[in-house]
Amino acid sequence: MGLDSEKDVHSDGPSARLVSRLEVLERPSGRRVRSEAERARIVAESLLPGAQVSEVARKHGATRWQIYDWRRRFRQRGMLPPCGASPPTFAPLVVEHALEERQTPAIKLEIAIGDVVLRTDTDIDGEQLSRVIRAVRASR
């Protein structure tokens, strides 16, 4: 039956009365099971500046006492700051000097050995470079 549907109802017995009209309003009934994530979203919405718990509760089909209970439970688990605690404050970021771009040294020496390419600065020690080249050749 949809909203505002009418139906004749007869009851049996000594106090039988005729009901000429019966309105059935369909809406969610029973307890709603909400996920932890859904409760967290509702609690977060209720904590926004200017938010009223009763309005948030009505919007989500909950009661304000449910939201207060969810808040308490999240606080007990350390997922919310304690009641009355001031929100965390952050120190302002002050940049006195422009950050200098890090300059990578230009590659001045490139040696290809098969599919291996060695790139180095010219300041590398010759003996060290020889050892690296021998190691690359030996690994092939």
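Up top is the structure these notes are about.
First, a word on what this report is: a plain description of the structure on this page. Source: prediction; values computed, not measured.

### Brief notes about the overall build of the chain
Helix and strand counts for the chain stand at 4 helices and 4 strands. For the chain, the residues scored as buried account for 14% of the 140 residues in total. Taking all contacts inside the chain whose residues are at least 6 apart in sequence as the whole, residues at least 24 apart take part in 26%. Per element, the accessible surface of the chain, about 12,400 Å² overall, is 52% carbon and sulfur.

### Some points on the packing of helix 1 (residues 36-46) against helix 2 (residues 53-60)
It is at 9 Å that the axes of helix 1 and helix 2 come closest, and there the two elements cross at 145°. As for how helix 1 packs across helix 2, the hand of that crossing is right-handed. Listed contacts from helix 2 to I42, E45 and S46 of helix 1 are V53, V56, K59 and H60. The class makeup of the residues in the contact of helix 1 with helix 2 is 3 nonpolar, 2 polar and 2 charged.

### So, the layout of surface pockets
Its boundaries defined by the atoms lining it, the largest pocket holds a volume of some 290 Å³. Lining the largest pocket are R31, R32, V33, R34, R39, G61, A62, Q66, D69, W70 and R73. Residues belonging to the lining of the largest pocket are distributed by class as follows: 3 nonpolar, 2 polar and 6 charged.

Conventions adopted
- Residues numbered from 1 in each chain as written.
- Predicted model: local features only at pLDDT ≥ 70, side-chain atom pairs only at ≥ 80, totals over all residues.
- Heavy atoms only, no water.
- Helix = DSSP H or I, 4+ residues; strand = E, 2+ residues; numbered from the N terminus.
- Buried < 20%, exposed > 50% of the residue type's maximum accessible area, 1.4 Å probe, protein only.
- Contact = heavy atoms within 4.5 Å.
- Areas by Shrake-Rupley, 256 points an atom, 1.4 Å probe, with all protein chains shown as cover.
- Axes fitted to C-alpha atoms, helices over the stretch in contact; angles between N-to-C directions.
- Left-handed = near helix turned anticlockwise from the far one by under 90°.
- Nonpolar A, V, L, I, M, F, W, Y, C, P; charged D, E, K, R; others polar.
- 1 Å grid on protein atoms, 1.4 Å probe; cavity = no way out; pocket = protein on both sides within 12 Å on 5 of 7 lines; lining within 4 Å.
- Points joined across faces, edges and corners; volume = space filled by probe spheres on them.

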